[in-house]
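Residue strings, one per chain:
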Amino acid sequence: MSNYHLTHLRELESESIYVMREVAAQFENPVLLFSGGKDSIVMFHLARKAFWPAKVPFPLMHIDTGHNFKETIEFRDRLMEKTGATCIVRYVQDTIDQGKVVEETGVNASRNIFQTITLLDAIEELKFDAALGGGRRDEEKARAKERFFSHRDEFGQWDPKNQRPELWNMFNGKKRLGEHFRVFPISNWTEMDVWQYIYMENIEIPNLYFTHKREVFLRDGVWLAKAPFMKLKDSEKVEIRDVRCRTIGDITCTGVTLSKADNLEDIIDEVAATRETERGGRADDKRSDAAMEDRKKEGYF
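In this text the structure is predicted, and so the values were computed from the model without any measurement.

The rules behind these values
- Residues numbered from 1 in each chain as written.
- Predicted model: local features only at pLDDT ≥ 70, side-chain atom pairs only at ≥ 80, totals over all residues.
- Heavy atoms only, no water.
- Pairing = 2+ DSSP bridges.
- Helix = DSSP H or I, 4+ residues; strand = E, 2+ residues; numbered from the N terminus.
- Axes fitted to C-alpha atoms, helices over the stretch in contact; angles between N-to-C directions.
- Contact = heavy atoms within 4.5 Å.
- Buried < 20%, exposed > 50% of the residue type's maximum accessible area, 1.4 Å probe, protein only.
- Parallel < 35°, antiparallel > 145°, perpendicular 65-115°, else oblique.
- Left-handed = near helix turned anticlockwise from the far one by under 90°.
- Nonpolar A, V, L, I, M, F, W, Y, C, P; charged D, E, K, R; others polar.
- Domains from an automatic or database assignment.
- Buried area = accessible area lost by both parts, 1.4 Å probe.
- Salt bridge = Lys/Arg side-chain N within 4 Å of Asp/Glu carboxyl O.

**A few points about the sheet that holds strand β1 (residues 30–33)**
If you walk across this open sheet you meet the six strands as β3-β2-β1-β4-β6-β5, and the pairing is mixed. The open sheet terminates on both sides in strands that have one partner only, identified here as β3 (87–91) and β5 (149–152). Strand after strand, the sheet turns through a mean of 30° between neighbouring axes, direction not considered. Pairing between strand β2 (residues 60–64) and β3: five bridges, direction parallel. The partner of L60 across the bridge, within β3, is C87. Sheet strands in contact with helix α2 (residues 38–51) are β1, β2 and β4 (130–132), and its direction is about 140° off that of β1.

Structure (structure tokens):
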């Protein structure tokens, strides 16, 4: 890696650490949203650096759909045990059992959209006033509109037309009772930056990101992993392919990539050569042209 890339990554690291320290200074009860994906793993790594040698001064929280890759859950539990961090887990299944949402049926059924309700309930119950997320502006057009400090009203909703200006490194975390903020410390990072930083810092990540054999099927141009709770169309055929994940979420909407990249160097080369966005295989983003923005307005990550 060139000196330019090393300097660039250290500048991004410094910016993210600054934002996290601002969160610790301005808010009384923040939480770091953790999915077990590479972005949230990098976020946790940055948080540990930001407050070292003290422990990270806020807990982590995972919103578990119940339809996650088992490798993700196993990695999360291992990481928490290794670092001694606190990870609060809230379950979409509980939201369904409470009658707050009705589970979808059919071949395109997914629990991904219900994470919003579970998340907002957890924020209200535990009285979190800031939730740090791993969203990046390069991921999707709705994310590109968001500030580092993203104000949410008393209903947890986001108004993209009424955001606070952020001049230089000045962040306004003032809020009324019942309101909170979503904070995105790695907003200015790209997918390539994340991978190069993982390589530079030798950060452990789930093996889902490396090429492995898995049962998959093709739906609407996207390869999806087969799972017991997923229904297939009559025309869909399960195959065993060499695949890896570029992004990790609910199995029902996380597309996998046909790939031979089984190490970080190959992944970086593959990302450099691809012309498809990281979330190009996310079925939840394809429900409408404004799917992500609509969900974010309702309180999504």
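**With respect to the sheet that holds strand β8 (residues 222–225)**
Strand order in the closed barrel made by the four strands is β7-β8-β10-β9, with antiparallel pairing throughout. Going from strand to strand, the sheet's axes swing by 70° on average, the running direction of each strand aside. Two elements, strand β7 (residues 212–219) and β8, share four bridges in a ladder whose sense is antiparallel. Its bridge partner being in β8, R219 is matched across the sheet by V222.

**Remarks on the pairing of β1**
Burial along β1 is two-sided: the face carrying P30 and L32 and the face carrying V31 and L33 are both buried. Where β1 lies against β4, three bridges are found, and the strand directions are parallel. Following the sheet pairing, V31 is matched in β4 by A131. The sheet contact formed by β1 and β2 spans two bridges and is parallel.

**Digging into the packing of α2 against helix α7 (residues 191–201)**
Where α2 meets α7, the closest approach of the two axes is 11 Å, and the angle between their N-to-C directions is 55°. As far as their axial angle goes, α7 and α2 are oblique. As α2 runs across α7, the sense of the crossing is left-handed. Of α7, the residues touching α2 (which contributes K38, D39, V42, H45, L46 and K49) are E191, V194, W195, Y197, I198 and E201. Here the contact of α2 with α7 is composed, by residue class, of six nonpolar, one polar and five charged.

**A word on the domain arrangement of the chain**
When the parts of a complex come together, some accessible area is lost, and that lost area is often used as the size of the interface. Domain assignment breaks the chain into domain 1 (8–193 + 289–298) and domain 2 (207–281). Taking only C-alpha atoms into account, the centre of domain 1 sits 24 Å from that of domain 2. Both sides together, the interface formed by domain 1 and domain 2 hides about 2,100 Å², and carbon and sulfur atoms give 55% of it. Joining domain 1 to domain 2, the criterion identifies two salt bridges. For E71, the salt bridge identified is with R214, shortest N-O distance 2.7 Å. Elements with a minimum of two residues in the side of domain 1 that touches domain 2: α2, α3 (70–83), α7 and α9 (291–298). Classifying every residue of the side of domain 1 that touches domain 2 by side-chain character gives five nonpolar, nine polar and ten charged.

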